[in-house]
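The chain contents come next:
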Amino acid sequence: MNTAQRPESLKHVLPSLEDIERSRATLLDHLPASGIGESTATIHLQKDVLAGLNRASESPHYYGFVTGGATPIATLADNLVTKADNSPQVHLPNETLATEVEDRALRMVCELLDLPPDNWPHRTFTTGATASNVVGLACGRDYVVQHAAREKGNSVSVAEDGMHKAMRIAGLEDLQVLTTVPHSSLRNAASIVGLGRSAVIDVGLEGKKHCFDMRELEQRLRQPGVASIVAVSCAEVNTGFFATTGNDMKHLRESCDEYGAWLHVDAAFGLLARILPANEDFTHLRSGVAGLDLADSIAGDAHKLLNVPYDCGILLSRHLSLATQVFQNSNAVYLNTASSETTASVSRSIPSPLNIGIENSRRFRALPVYASLAAYGRTGYLDMLVRQIHLARAIALFVLESADYELLPAPLNHHVTDEERLANIYIIVIFRPKNEELNGRLVRAVNATRRIYISGTQWEGKPAARFAVANWQAEVEWDLEVVKGVLLEVARSTD
Ligand SMILES: *Cc1c(COP(=O)(O)O)cnc(C)c1O
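Residues numbered from 1 in each chain as written. Predicted model: local features only at pLDDT ≥ 70, side-chain atom pairs only at ≥ 80, totals over all residues. Heavy atoms only, no water.

Brief notes about the overall build of the protein
Counting its secondary structure elements, the protein contains 16 helices and 14 strands. For 495 residues, the compact-globule estimate of 2.2 N^0.38 gives 23 Å, and the protein sits close to it at 24 Å. Within the protein, the proportion of its 495 residues that are buried is 53%. A separation of at least 24 residues holds for 76% of the contacts in the protein among residues at least 6 apart in sequence. For the protein, the accessible surface area stands at approximately 22,700 Å², while carbon and sulfur atoms represent 50% of it. Here the protein carries 46 positive and 58 negative side-chain charges, and the mean point of each set is 1 Å from the other. (Helix = DSSP H or I, 4+ residues; strand = E, 2+ residues; numbered from the N terminus. Rg over C-alpha atoms; globule rule 2.2 N^0.38 Å. Buried < 20%, exposed > 50% of the residue type's maximum accessible area, 1.4 Å probe, protein only. Contact = heavy atoms within 4.5 Å. Areas by Shrake-Rupley, 256 points an atom, 1.4 Å probe, with all protein chains shown as cover. Lys, Arg positive; Asp, Glu negative; His and termini not counted. Charge placed at Lys NZ, Arg CZ, Asp CG, Glu CD.)

Quick word on the nonpolar core
In terms of nonpolar packing, the biggest core is built from 71 residues, with Leu272, Ile298, Leu306, Val369 and Tyr426 touching the most fellow members. Ranked by the residues each element gives to this core, the list is headed by helix α13 (residues 366-401), at 11 residues. Two domains each donate at least three residues to this core, and these are domain 1 (1-72 + 378-495) and domain 2 (86-363). Here Val369 is in contact with Ala105, Val109, Phe125, Ala302, Leu306, Val308 and Cys312, once residues within four sequence places are set aside. With 35 residues, the next largest nonpolar core counts Cys139, Ala170, Leu172 and Leu322 among its residues. (Core = buried A, V, L, I, M, F, W, Y, C linked by side-chain atoms within 4.5 Å. Domains from an automatic or database assignment.)

So, the side chain of Ser455
Tracing the backbone through its elements, the reader meets Ser455 in strand β13 (residues 453-459). Residue classification places Ser455 among the buried positions, given a relative accessible area of 3%. Within the structure, Ser455 has its side chain in polar contact with the backbone nitrogen of Phe65 (distance 2.7 Å). (Polar contact = N/O pair within 3.5 Å; in protein donor to acceptor, adjacent residues only side chain to side chain.)

Brief notes about the site of the ligand
In the region of the ligand, 13 residues are neighbours, and Thr130, Asp266, Asp301, His303 and Lys304 sit closest. Here a nitrogen atom of the ligand sits 2.7 Å away from a polar atom, N or O, in the side chain of Asp266. Relative to its unbound accessible surface of 380 Å², the ligand loses 84% to contact with the protein. Class assignment of the residues belonging to the shell around the ligand gives a composition of 5 nonpolar, 5 polar and 3 charged. (Near = heavy atom within 4 Å. Nonpolar A, V, L, I, M, F, W, Y, C, P; charged D, E, K, R; others polar.)

Some points on the pairing of strand β14 (residues 462-468)
Counted residue by residue, β14 has 5 buried out of 7 residues, so it is predominantly covered. Looking at chain direction, strand β12 (residues 428-433) and β14 are connected through 4 bridges and run antiparallel. Note on β14: the bridge partner recorded for Val429 is Phe467. Pairing between β13 and β14: 5 bridges, direction antiparallel. The residue bridging Gly456 from the neighbouring strand is Ala465, located in β14. Turn length for the β13-β14 hairpin, with the two strands adjacent in sequence and antiparallel, is 2 residues, and the turn residue Glu460 shows positive phi of about 45°. (Pairing = 2+ DSSP bridges.)

As for the layout of surface pockets
As a volume, the largest pocket reaches approximately 900 Å³. Around the largest pocket, the lining is made up of 36 residues, and of these Lys208, His210, Phe241, Pro409 and Leu412 lie nearest the centre. Every element with two or more residues in the lining of the largest pocket is listed here: β6 (208-212), β11 (405-408), α14 (418-423), β12 and β13. No other element matches the 5 residues that β6 contributes to the lining of the largest pocket. The residue inventory of the lining of the largest pocket, partitioned by class, reads 20 nonpolar, 9 polar and 7 charged. Shared between two domains, the lining of the largest pocket holds at least three residues of each, these being domain 1 (1-72 + 378-495) and domain 2 (86-363). Roughly 360 Å³ of volume is contained in the second largest pocket. (1 Å grid on protein atoms, 1.4 Å probe; cavity = no way out; pocket = protein on both sides within 12 Å on 5 of 7 lines; lining within 4 Å. Points joined across faces, edges and corners; volume = space filled by probe spheres on them.)

A look at the packing of helix α4 (residues 98-112) against α13
Geometrically, a packed helix pair is captured by the angle between its two axes and the distance between the axes. Running from amino to carboxyl end, α4 crosses α13 at an angle of 30°, the nearest separation of the two axes being 9 Å. Here α13 runs roughly parallel to α4, going by the angle between their axes. The chirality of how α4 crosses α13 is left-handed. Taken together, the residues of α13 that come into contact with α4 (itself represented by Val101, Glu102, Arg104, Ala105, Met108, Val109, Glu111 and Leu112) are Ala366, Leu367, Val369, Tyr370, Leu373, Ala374, Arg378 and Tyr381. Of the residues belonging to the contact of α4 with α13, the class tally is 12 nonpolar, no polar and 4 charged. (Axes fitted to C-alpha atoms, helices over the stretch in contact; angles between N-to-C directions. Parallel < 35°, antiparallel > 145°, perpendicular 65-115°, else oblique. Left-handed = near helix turned anticlockwise from the far one by under 90°.)

Notes on the sheet that holds strand β2 (residues 122-126)
Spatial strand order, β2-β10-β9-β8-β7-β3-β4: 7 strands in an open sheet with mixed pairing. Looking at strand neighbours, the two that pair on one side only are β2 and β4 (200-202), the edges of this open sheet. Put simply, the sheet's adjacent strands are angled 20° from each other on average, direction ignored. Here strand β3 (residues 174-179) pairs with strand β7 (residues 226-233) via 6 bridges, running parallel. If you follow Gln176 over to β7, its bridge partner there is Ser228.

A look at the domain arrangement of the protein
Under the domain assignment, the protein is made up of domain 1 (1-72 + 378-495) and domain 2 (86-363). Inter-centroid distance (C-alpha atoms) of domain 1 to domain 2 is 30 Å. Here domain 1 and domain 2 share an interface that buries about 2,600 Å² over both sides, 62% of which is from carbon and sulfur atoms. Counting across the domain 1 and domain 2 interface gives 0 salt bridges. Where domain 1 meets domain 2, there are 13 residue pairs in polar contact (both at pLDDT 80 or more). Going through the elements one at a time, α13, β12 and β13 are the ones with two or more residues in the side of domain 1 that touches domain 2. (Buried area = accessible area lost by both parts, 1.4 Å probe. Salt bridge = Lys/Arg side-chain N within 4 Å of Asp/Glu carboxyl O.)

As for empty space enclosed by the protein
On inspection of all chains with the given rule, the structure shows 4 cavities of 30 Å³ or more. What lines the largest cavity is simply Val109, Leu112, Leu113, Ala268, Phe269, Leu271, Leu272, Gly300, Asp301, Leu305, Leu306 and Ile314. Elements that contribute at least two residues to the lining of the largest cavity include exactly α4 and β9 (297-301). Its residues assigned to classes, the lining of the largest cavity shows 10 nonpolar, 1 polar and 1 charged. What lines the second largest cavity is Gln89, Thr124, Phe125, Thr126, Val135, Pro353, Gly357, Ile358, Glu359 and Arg362. Residue composition of the lining of the second largest cavity, grouped by class: 4 nonpolar, 4 polar and 2 charged.

Encoded structure:
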């Protein structure tokens, strides 16, 4: 990742309002009877449409949400994906290498994250962490209902029989998802897999919302007639804080085993913290991702911190046969694989992606991941993540020392030192101006400069702002000055 080649011309992260307006005015209103032709369409795209798009990926100064960019090699690979246009859903080893590239890419992801691939036989690419949460909850739902049914001497499958019948046979009244500070997509996933959004119950600690209230969790797990999925927010999107530390995952695993619950981790962007070395800079972060190997399923995003183009998510689970029960395309005879005819034994063991995930056809998302991991390796990704963390901490330090801004969350008590607050920071910085009037318009004022982009959020009922450092180009040396310049300028401006 050669960040030294950063294009100097890229001053603005957002197009100007005039550019967007001009771009909008060029859009075709209706389907043309005869097309405008390839050459006119090409000019239209390059001149008109592109000018109206933001540079969230291209610019290192886009700090909204957690988007990530696209590394140069991943961008190249993504163009090759379009050129080849292979759908890797059926494993056809004598016709295309696509599923094998996908398998290698997923194995390399597991190796990067220190999660031995053989322990995670159900591994697949998805459209993003939302879809990964759907797949994880779909598997978890079947697991916990099957478990409850077995305890009663019955056998059942939600995938086969549907929720109503399966719950009745399993003697269950309810199925809950116990979590803390869940990402909004977890509730969506609960809706999609038939649990309902209200099944998602926040059991966060008073005053430390991202941590589990283990006593309440235990009480809820113990309820008779209620099956549970425990979902861990492994780096929460507002603060970047981790739901578990130290031995928490071990305790959660033990409780889940005792009550037949499924342990899911939503680690969309937290997952990459597993590559951090054991030194004192990263002790806290490493502790936040310790024990993820004890989960039943893990949702991750490659289009965030792995910096491959949209869309690309990852799902890892330890339960392959359960996955094939849930996702098996049982009646599509024409989709039978030719795997038994191949000579390569590795190739024979690759399950067709369409039997372990949502889609029947999909993009060959593995190639950009494969290419980027191949090109940069473990050290390339470590270097990138460390630059991002250092930039986030440098921004946080500036906020801490500033007369105009305050770093959030406020420390729980005066024993918490600034060093400890900084050591908790991963890639997100949540803060607000001390001046209430400015707080109401801060995000608008910052983004109006077009030089950096940040997201607005809420903290304890008041507006707050948030930096998410997720682009592969992040460099403290270049970026801190730009950020400081904008924050100081906005603080000094009067409305
Ligand atoms: C971003 C995010 C998601 C949703 O991921 P998409 O890729 O947008 O589908 C889910 N959970 C967490 C914690 C996230 O940060």
